[in-house]
Number of protein chains: 2
Amino acid sequence: MRLTTKGRYAVTAMLDLALHSDQGPVSLSDISNRQGISLSYLEQLFSKLRKSVLVTSVRGPGGGYRLSRLKEDIFVAQIVDAVNESVDATGCSGRSDCQGGTTCLTHYLWCDLSDQIHDFLNQISLAQLVAREDVRQVAERQSIESQQTCVDDKINAAIIG
Amino acid sequence: MRLTTKGRYAVTAMLDLALHSDQGPVSLSDISNRQGISLSYLEQLFSKLRKSVLVTSVRGPGGGYRLSRLKEDIFVAQIVDAVNESVDATGCSGRSDCQGGTTCLTHYLWCDLSDQIHDFLNQISLAQLVAREDVRQVAERQSIESQQTCVDDKINAAIIG
DNA sequence: ATTTACCCGACTATTTTAGTAGGTTATTCC
DNA sequence: GGAATAACCTACTAAAATAGTCGGGTAAAT
């Protein structure tokens, strides 16, 4: 089982995309600013998300990323699967060779757990997350903060220039 | 979220203990032989299991470990919690400071997932695992194999001696 | 032409995992 | 009493994964 910053970042970034999907392509630097994720790291993650056809890219000025399909049709499990290898709780990737070629004592337990996690994350779409009150509140705060950062940047640019 | 070999080994070892709990204390070297887990590593894990009062130890020849309470009253979640820090899917250990002091966009999602996993693993007792047909089959195979290893060891000892 | 922003590969510090090594202490059997 | 057994303890370590950084490309718009 592997659910670390990588998977969490990917879901956060995709949710950010979903929240701003009505305003044309979203650039990674916008996501980086709002979500506090390093730009270079986002690039690596989006490379994988693109290969899994969860997003499409638009190059050039004003470009960025778009969801490849409706918010309703993208599920958290798909995002985690795209960047992690899987949400698999077994040590043998389900191959039943956990104990030197044979099945270990707890193999079936971890299979059950994997199914459980996968079912849960496969039920939750980006649309559902966008609709949540707690998510909307965090998103609103981030929107205000990023506008402030934007103003700060312009002031700094004016001072330097 | 952290569920790796460490947590899996711990549950496997505890299940082995549960399976042989009617035959007096079980030594770590027995568990090591049957489950293919390194003895030194088992010692580290059992140090934690002992501190969490999931097992009690008996020193000296014929000693080993015993479950500290009934199979029915030990749950998988408790074992994983004892060796891992927790079955927590958030990056902030539930403190809501995932994004530089404030709550990240997906915090509540990972809280929900943590609850889901914890509820699932907290339902499953060692007694339930012992009763499972798939577990019994693996246990029986291991029992035969470890008897064979035992005979082999005696033959080797006889050759050397 | 220049800027924007995606794209790509290589490199790296840090952390965790999984395991080793080498000892000490308690208990039992001879 | 002494040898054997097995828990107990601390420190060390190789390998892997994580979470990045860096430095350059390439495509498209103004």
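Everything numeric here is computed off the predicted structure, so don't read it as measured data.

### What about the overall build of chain A?
- Along chain A, the regular secondary structure elements total seven helices and two strands.
- Tracing chain A from N to C terminus, the helices and strands come up as α-α-α-β-β-α-α-α-α.
- Across the 161 residues that make up chain A, the buried fraction comes to 43%.
- Taking the contacts inside chain A whose residues are at least 6 apart along the sequence as the reference set, 63% of them involve residues at least 24 apart.

### Quick notes on unusual backbone geometry
All names here are of chain A.
- One non-glycine residue, Ser96, lies in the positive phi region at around 65 degrees.
- Of note, Ser96 is situated in the loop between α4 (76-83) and α5 (107-123).
- The partly exposed category is assigned to Ser96, whose relative accessible area is 24%.

### Topic: the protein's contact with DNA strand C
- Taken together, 26 residues lie around DNA strand C, and Ser57 and Tyr65 of chain A together with Thr5, Arg59 and Pro61 of chain B are the ones closest in.
- Within the side chain of Arg59 of chain A, an N or O atom sits 3.3 Å from a base oxygen of DNA strand C.
- A distance of 3.0 Å separates a phosphate oxygen of DNA strand C from a polar backbone atom of Lys6 of chain B.
- When residues of the surface near DNA strand C are traced back to their parent elements, those giving at least two are α3 (39-51), β1 (55-58) and β2 (64-67) of chain A together with α1 (5-19) and α3 (39-51) of chain B.

### Section: the packing of α5 of chain A against helix α5 (residues 107-123) of chain B
- Their axes nearest at 11 Å, the elements α5 of chain A and α5 of chain B cross at an angle of 150 degrees. With respect to α5 of chain B, the axis of α5 of chain A lies roughly antiparallel. Note that α5 of chain A runs across α5 of chain B; the crossing there is right-handed. Contact with α5 of chain A, carried on its side by Asp112, Leu113, Gln116, Ile117, Phe120 and Leu121 of chain A, involves Asp112, Leu113, Gln116, Ile117, Phe120 and Leu121 of chain B of α5 of chain B and no other residues of that element.
- A per-class count over the contact of α5 of chain A with α5 of chain B returns eight nonpolar, two polar and two charged.

### Some remarks on the interface of chain A and chain B
- Each side of the interface is counted separately: chain A has 40 residues, and chain B has 40 residues.
- Buried area between chain A and chain B, summed over both chains or domains, comes out near 3500 Å², and the portion from carbon and sulfur atoms is 67%.
- The interface formed by chain A and chain B contains two salt bridges.
- Residues Asp112 of chain A and Arg132 of chain B are paired through a salt bridge, measuring 3.1 Å at the closest nitrogen-oxygen approach.
- Where chain A meets chain B, there are 16 residue pairs in polar contact (both at pLDDT 80 or more).
- No other element matches α5 of chain A, which puts nine residues into the side of chain A that touches chain B.
- The class makeup of the residues in the side of chain A that touches chain B is 21 nonpolar, 12 polar and seven charged.

### Description of the relation of the copies chain A and chain B
- With an RMSD of 0.1 Å, chain A superimposes on chain B once it is rotated by 180 degrees and translated 0.0 Å along the axis. The operation mapping one copy onto its partner corresponds to a two-fold rotation axis.
- A share of 100% of the interface residues of chain A reappears at the interface of chain B, consistent with the copies meeting face to face through the same patch.

### Here we look at the pattern of salt bridges
- Summed over all chains, the structure comprises nine salt bridges over all chains.
- Put simply, Glu145 of chain A and Arg141 of chain A hold a salt bridge, and the shortest N to O gap is 3.4 Å. With Glu145 of chain A and Arg141 of chain A both in helix α7 (residues 133-160) and four residues apart, this pair spans about one turn of that helix.
- Taking relative accessible area as the criterion, Arg141 of chain A reaches 23% and is therefore assigned partly exposed.
- Between Arg95 of chain B and Asp97 of chain B there is a salt bridge; the shortest N-O distance is 3.3 Å.
- Accessibility expressed as a relative area gives 54% for Arg95 of chain B, which makes it exposed.
- Residue Asp97 of chain B is classed as partly exposed on the basis of its relative accessible area, which comes to 31%.

### A look at the protein's contact with DNA strand D
- The environment of DNA strand D is made up of 26 residues, and the closest members are Thr5, Tyr9 and Arg59 of chain A together with Ser57 and Tyr65 of chain B.
- The sugar and phosphate moieties of DNA strand D supply 61% of its atoms located within 4 Å of the protein.
- Between a phosphate oxygen of DNA strand D and a side-chain N or O atom of Ser38 of chain A, the distance comes to 2.9 Å.
- When the residues that make up the surface near DNA strand D are grouped by side-chain class, the tally is seven nonpolar, 13 polar and six charged.

### Quick notes on the layout of surface pockets
- Taken as a whole, the largest pocket encloses approximately 260 Å³ of empty space.
- Breaking the lining of the largest pocket down by element, the ones donating at least two residues are α5 of chain A together with α1 of chain B.
- Of the residues forming the lining of the largest pocket, the biggest block, four residues, is contributed by α1 of chain B.
- When the residues that make up the lining of the largest pocket are grouped by side-chain class, the tally is seven nonpolar, 10 polar and one charged.

Criteria and thresholds
Residues numbered from 1 in each chain as written. Chains lettered and ligands numbered in written order. Predicted model: local features only at pLDDT ≥ 70, side-chain atom pairs only at ≥ 80, totals over all residues. Heavy atoms only, no water. Helix = DSSP H or I, 4+ residues; strand = E, 2+ residues; numbered from the N terminus. Buried < 20%, exposed > 50% of the residue type's maximum accessible area, 1.4 Å probe, protein only. Contact = heavy atoms within 4.5 Å. Near = heavy atom within 4 Å. Polar contact = N/O pair within 3.5 Å; in protein donor to acceptor, adjacent residues only side chain to side chain. Axes fitted to C-alpha atoms, helices over the stretch in contact; angles between N-to-C directions. Parallel < 35°, antiparallel > 145°, perpendicular 65-115°, else oblique. Left-handed = near helix turned anticlockwise from the far one by under 90°. Nonpolar A, V, L, I, M, F, W, Y, C, P; charged D, E, K, R; others polar. Buried area = accessible area lost by both parts, 1.4 Å probe. Salt bridge = Lys/Arg side-chain N within 4 Å of Asp/Glu carboxyl O. Least-squares fit on C-alpha atoms with pLDDT ≥ 70 in both. 1 Å grid on protein atoms, 1.4 Å probe; cavity = no way out; pocket = protein on both sides within 12 Å on 5 of 7 lines; lining within 4 Å. Points joined across faces, edges and corners; volume = space filled by probe spheres on them.

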